[in-house]
Amino acid sequence: MYKELIFLSFLILFNIFYSLFFSYDKNIEKVSFIIEPGMKLNEISEQLYYEEIISNKFAFKLWNKINFLERKIKYGEFYIEGRNSIYNVTNKLSSGQKVYRKITLIEGSSKYDLLKILKEIDPKSSLKLYDIPDMIIADTYNYTVTDNSRRILDYMIKTSKRFSKNIWEERNKEIPLNKISEMHILASIVEKESALKSEKNKIAGVFFNRINLGMRLQSDPTVEFAITMGEKKLDRKLLRKDLKIDSEYNTYMIPGLPPSIICFPGKDSLVAVSKPYKSDFLYFVSKRRNGEHFFSTTYKEHLKRIREVKNVK
């Protein structure tokens, strides 16, 4: 009887040992395993067993208990693949090597666009348009599957503030801007005026030249924003009468900068505003190809360029 108990104990220990290090010795195709915040060890082991990632949930719980690993298991999304044992799976879940997904805010996007993206990621989101601040940079950001919309937005804000601060500190101190928010406003206008990195600092230089001379910015994108407020794209060309719209965003009517951004600028536009191209240019007009522009120093030359553009078939 005594020998039988020893043998039985040996079998149990061998089974646990085998489950820990050798069991489930088959190739698992790359699978995503998600541990939600607050999940207990029992729930994790049940889910691992249900998804056929481990073959012995008891051994998984025992191994984590006796090695005090339960609190080291991280929540988030993990990729598990290849030949796995309980030992390997536990190391994976406690390593902190989570899967990071990406959210891309395209240059020129509006607050409405960002709110839509965040709600698609987190359908239960309670975020409103007024929760989204101006000083966010259009860029690609990482997040985990367990992050809610507020946490993702907070990360975007924090990252953008850090980058914006660095650009502001390294700016040409001669530019007539008083604070970072003004840099974002002008960069948003530059963003809408040109998608070409090579031209952005020239366009920024034109606007600064106008500001220094007391001229109005006269930027068409600000008029479009005055009409749509960023909720949608204008589905027609601007009309001459649009340039007289009474709006604090219409830079044909108001002096200086509008009160807030007209879109989210990318890093290139912010850098261009912080270090503008020095010239005597006061005007620019699109060549209607490749997004390039003609730049002019006088209004007479500008009108000539406009006629040339109109004659291009």
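Look up: the structure comes first, before these words.
Calculation criteria
Residues numbered from 1 in each chain as written. Predicted model: local features only at pLDDT ≥ 70, side-chain atom pairs only at ≥ 80, totals over all residues. Heavy atoms only, no water. Helix = DSSP H or I, 4+ residues; strand = E, 2+ residues; numbered from the N terminus. Rg over C-alpha atoms; globule rule 2.2 N^0.38 Å. Areas by Shrake-Rupley, 256 points an atom, 1.4 Å probe, with all protein chains shown as cover. Lys, Arg positive; Asp, Glu negative; His and termini not counted. Charge placed at Lys NZ, Arg CZ, Asp CG, Glu CD. Core = buried A, V, L, I, M, F, W, Y, C linked by side-chain atoms within 4.5 Å. Buried < 20%, exposed > 50% of the residue type's maximum accessible area, 1.4 Å probe, protein only. Salt bridge = Lys/Arg side-chain N within 4 Å of Asp/Glu carboxyl O.

Moving on to the overall build of the chain. Broken down by element type, the chain carries 11 helices and 6 strands. Computed over C-alpha atoms, the radius of gyration of the chain comes to 29 Å, more than 25% over the 20 Å expected from 2.2 N^0.38 for 313 residues, which places it beyond the range of a compact globule. The dimensions of the chain, computed from C-alpha atoms along their principal axes, are 110 × 40 × 35 Å. As displayed, the chain has an accessible area near 18800 Å², and 51% of this comes from carbon and sulfur atoms. Across the chain, the centroid of the 54 positively charged side chains sits 3 Å from that of the 39 negatively charged ones.

On to the nonpolar core. Of all hydrophobic cores here, the largest spans 43 residues; its most connected members are Leu114, Ile136, Leu153, Met156, Phe207, Phe264 and Val273. Secondary-structure elements contributing two or more residues to this core are α5 (111-121), β4 (140-143), α6 (149-169), α7 (180-193), α8 (197-212), α9 (220-228) and α10 (267-274). In terms of nonpolar packing, the next biggest core, distinct from the first, is built from 17 residues, Leu48, Phe60, Phe78 and Ile80 among them.

For the rest of this paragraph, the subject is the pattern of salt bridges. This model, assessed by the stated rule, comprises 12 salt bridges. The residue Glu77 makes a salt bridge to Arg101 at a minimum N-O spacing of 2.9 Å. Of this pair, Glu77 sits in strand β2 (residues 76-83) while Arg101 sits in strand β3 (residues 101-104); the two residues are 24 residues apart in sequence, bridging distant segments of the chain. Between Lys278 and Glu174 there is a salt bridge whose closest N-O contact spans 3.9 Å. Highlighted residues: Lys278 in the loop between α10 and β5 (283-286) and Glu174 in the loop between α6 and α7, separated in sequence by 104 residues. Connected via shared salt-bridge partners are Asp131, Arg150 and Asp154.

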